[in-house]
Amino acid sequence: MAGILESLGYKLSSDPMNSDVVLLNTCAIRENAEQRIWGVLGQLKGRKRENPDMIVGICGCMPQEENATNKLLESYDFVDIVFGTHNRNNLPELIYQAYLTKSKVVEVLSTQGTILENAPKVRESKHKAWVNIMFGCDEFCTYCIVPYTRGRERSRHKDDIISEVKELVSNGYKEITLLGQNVNAYGKDLGSDYTFGDLLYDLDKTGIERIRYTTSHPRDLDEKTMQAMADCKSVMPHLHLPVQSGDDDILKIMNRKYTYDDYMTKINRLKELVPDISITTDIIVGFPNETEEQFQNTLKLCNNVGFEGAFTFIYSKREGTPAAKMPDSISEEEKHERLTRLNQIINAGYKAGHERFVGKVVEVLVDGPSKHGDDMMCGYSSHLKLTHFKSSDMSLIGKTVKVKVTEPKTWFMIGELCE
Ligand code: 5AD
Ligand code: SF4
């Protein structure tokens, strides 16, 4: 959207409250993400009163939810534009309409259109880039709103992805992260037998230094993809593989379509192919009626896998999903207590993931000066470990340097730049 706005002549502002156009690109995955948006809208209301020419737009996943759009229309009449995830390419038209009519412009499509290639883009970094490879999700996990807000799986054609990556390489980019709600389902909707694993092999040949990808679904993570992680030098030895729960009954009610054993089999195969791989995950605690015993199975799985990081969440009820209708006997207090116990294990995993590199030399793609102290720079190692080291040489930004790890912390590691 920033790219589209720049092509219309707008410039990116660092001061949203004093901008001509303010777009709130929203997330609906959990209730607290939405709460933040209602808070920001409250602040914008006052600004809009002082500056009626300011255009306020709200877009992304929240407008795809009927309840949220109704609330926006009923209680936030100062909002000029409301548009959903499938209307983004129409942004110039929507802004034009808002200026012209001075009345609210609402456009929320329930079905997705085709993927627009070659839309203008703005990239935040000059050495790292996100590359979308597919949109939407067909998994329908019972707690999750994404299939409703993002629509069905649509993959970009491989030739478009490969040429985008080749162009990034020729512009000096070092690292790409392939993006999709379920990248392992890449290509299924195109009806060809070209899979995500094939794409990894092809992208490895473009000369890009580092490839990462997110997010994977354990059921769809296949042998070819795991093999590509072992074979392709550019595919980094880190995998984010959301497990959600370690209990077979909960996994079934979540509609995750794998068991504890299926997940462990994939983890063991990955460790066989990429022996020093770092694995991180997503976990939900307090799914409706989750018992202490079921929660214990999640803790057991964490200990068996040895996750080196996780995003952990308390289950959040999303209207319109099947889980929202499930009765729930577990108290909020109990859910918070479980989250605390889980995080103790996860945080120890973060630290262990740094401890294992002490004394070793890691390759760090330098992002810039570190907030950790004067004369410090930072970047991420191949295993996606945030690494700080002493240097004030700005010419290192965007370069890959060797760093000897000296000190492991919970959230990062410290090392010395090798000559
Ligand atoms: N409540 C809590 N966490 C959720 N996630 C998705 N939906 C919900 C929900 N309703 C988490 C999952 C997913 C991550 C992106 O967000 O763990 O992997
Ligand atoms: Fe949501 Fe991920 Fe499940 Fe898709 S695979 S429904 S995005 S949790």
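Residues numbered from 1 in each chain as written. Chains lettered and ligands numbered in written order. Predicted model: local features only at pLDDT ≥ 70, side-chain atom pairs only at ≥ 80, totals over all residues. Heavy atoms only, no water.

(A) Region of interest: the overall build of the chain. Counting secondary structure elements, the chain contains twelve helices and 17 strands. Its C-alpha atoms give the chain principal-axis dimensions of roughly 65 × 55 × 50 Å. In the chain, buried positions account for 49% of the 419 residues. Look at the contacts in the chain between residues 6 or more apart in sequence, and 71% of them connect residues 24 or more apart. Approximately 20,100 Å² of the chain is accessible, and the part contributed by carbon and sulfur atoms is 50%. (Helix = DSSP H or I, 4+ residues; strand = E, 2+ residues; numbered from the N terminus. Buried < 20%, exposed > 50% of the residue type's maximum accessible area, 1.4 Å probe, protein only. Contact = heavy atoms within 4.5 Å. Areas by Shrake-Rupley, 256 points an atom, 1.4 Å probe, with all protein chains shown as cover.)

(B) Inspection of the site of ligand 1 at higher detail. As a matter of local geometry, ligand 1 sits amid Ile-29, Arg-30, Tyr-143, Gln-244, Asp-282, Ile-284, Phe-313, Ile-314, Tyr-315, Ser-316 and Arg-318. Arg-30 has a polar side-chain atom sitting 2.8 Å from an oxygen atom of ligand 1. One of the side-chain nitrogen or oxygen atoms of Gln-244 is found 2.6 Å away from an oxygen atom of ligand 1. For ligand 1, whose free accessible area comes to 400 Å², the fraction covered by protein is 86%. Elements that contribute at least two residues to the shell around ligand 1 include exactly strand E11 (278-285) and strand E12 (310-314). Per-class residue counts for the shell around ligand 1 are six nonpolar, two polar and three charged. (Near = heavy atom within 4 Å. Polar contact = N/O pair within 3.5 Å; in protein donor to acceptor, adjacent residues only side chain to side chain. Nonpolar A, V, L, I, M, F, W, Y, C, P; charged D, E, K, R; others polar.)

(C) Representation of helix H7 (residues 196-204). Within H7, burial applies to Phe-196, Gly-197, Asp-198, Leu-199, Leu-200 and Leu-203. Where the residues of H7 are buried, they touch helix H6 (158-170), strand E8 (175-179), strand E9 (210-214) and helix H8 (223-231).

(D) Looking closely at the packing of H8 against helix H10 (residues 260-273). For the pair H8 and H10, the least separation of the axes is 9 Å and the interaxial angle reads 30°. Judged by the angle between their axes, H8 and H10 are roughly parallel. Along this stretch, H8 crosses H10, giving a crossing that reads as right-handed. On H10, the residues touching Glu-223, Met-226, Gln-227, Met-229 and Ala-230 of H8 are Lys-266, Arg-269, Leu-270 and Leu-273. (Axes fitted to C-alpha atoms, helices over the stretch in contact; angles between N-to-C directions. Parallel < 35°, antiparallel > 145°, perpendicular 65-115°, else oblique. Left-handed = near helix turned anticlockwise from the far one by under 90°.)

(E) Structural context of the sheet that holds strand E2 (residues 55-60). The parallel open sheet is built from four strands, whose spatial order is E1-E2-E3-E4. Only two strands of the sheet have a single neighbouring strand rather than two, namely strand E1 (21-26) and strand E4 (105-107). Adjacent strand axes in the sheet meet at a mean angle of 10°, parallel and antiparallel pairs treated alike. (Pairing = 2+ DSSP bridges.)

(F) Quick peek at the domain arrangement of the chain. Assigned domains within the chain: domain 1 (2-107), domain 2 (128-355) and domain 3 (361-417). Averaged C-alpha coordinates put domain 2 and domain 3 at centres separated by 26 Å. Taken together, the contacts link 18 residues of domain 2 with 18 residues of domain 3. On the domain 2 side of the contact with domain 3, Lys-128, Arg-210 and His-354 bury the most area, a combined 38% of that side's loss. At the surface where domain 2 touches domain 3, the tally comes to two salt bridges. A salt bridge links Asp-367 to Lys-128; its shortest N-O distance comes to 3.1 Å. Here domain 2 is connected to domain 3 by twelve residue pairs in polar contact (both at pLDDT 80 or more). Elements with a contribution of two residues or more to the side of domain 2 that touches domain 3: E9 and helix H12 (332-355). (Domains from an automatic or database assignment. Buried area = accessible area lost by both parts, 1.4 Å probe. Salt bridge = Lys/Arg side-chain N within 4 Å of Asp/Glu carboxyl O.)

(G) Spotlight on the layout of surface pockets. Volume-wise, the second largest pocket comes out at about 290 Å³. Surrounding the second largest pocket, 14 residues form its lining, Asn-118, Lys-121, Arg-123, Glu-164 and Glu-167 being those nearest its centre. Partitioned by chemical class, the residues of the lining of the second largest pocket number four nonpolar, three polar and seven charged. (1 Å grid on protein atoms, 1.4 Å probe; cavity = no way out; pocket = protein on both sides within 12 Å on 5 of 7 lines; lining within 4 Å. Points joined across faces, edges and corners; volume = space filled by probe spheres on them.)

(H) Representation of a nonpolar patch on the surface in the model. Taken together, the side chains of Leu-73, Val-106 and Val-108 present a nonpolar region at the surface, about 200 Å² in accessible area. Inspection of the secondary structure assignment puts Leu-73 in helix H3 (residues 66-75). (Patch = residues over 30% accessible without salt bridge, like charges linked within 9 Å, V, L, I, M, F, W, Y side chains within 5 Å.)

(I) Looking closely at the sheet that holds E8. Taken together, three strands build an open sheet; the order of strands is E5-E8-E9 and the sheet is parallel. Two strands in the sheet have a free side with no partner beyond their single neighbour: strand E5 (128-132) and E9. Strand-to-strand, the axes of this sheet are offset by a mean angle of 25°, without reference to chain direction. Relative to E9, E8 runs parallel, the two being bridged by five bridges. Residue pairing across strands places Thr-177 opposite Arg-212, the latter belonging to E9. Across the face of the sheet, H6 comes into contact with E5 and E8 while running at roughly 170° to E5. Contacts from H7 reach E8 and E9 within the one sheet, and its direction differs from that of E9 by about 160°.

(J) View of the pairing of E12. Burial runs high along E12: four of the five residues are buried. Pairing of E11 with E12, which is carried by five bridges, proceeds in the parallel orientation. By the bridge assignment, Asp-282 is partnered in E12 with Phe-311. Regarding the hand of the β-α-β motif, the stretch spanning E11, helix H11 (residues 292-305) and E12 is right-handed. (Right-handed = clockwise from strand over helix to strand, strands pointing away.)

(K) View of the pattern of salt bridges. In this structure the tally under the stated criterion is 28 salt bridges. Between Arg-219 and Glu-139 there is a salt bridge, and its shortest N-O distance comes to 3.1 Å. A residue pair is termed long-range when its members are at least 10 positions apart, and Arg-219 in the loop between E9 and H8 and Glu-139 in the loop between strand E6 (134-135) and helix H5 (146-150) qualify at 80 residues. Owing to a relative accessible area of 5%, Glu-139 belongs among the buried residues under this scheme. Beyond isolated ion pairs, a larger network of salt bridges with shared partners links Glu-290, Glu-292, Glu-334, Glu-337, Arg-338 and Arg-341.

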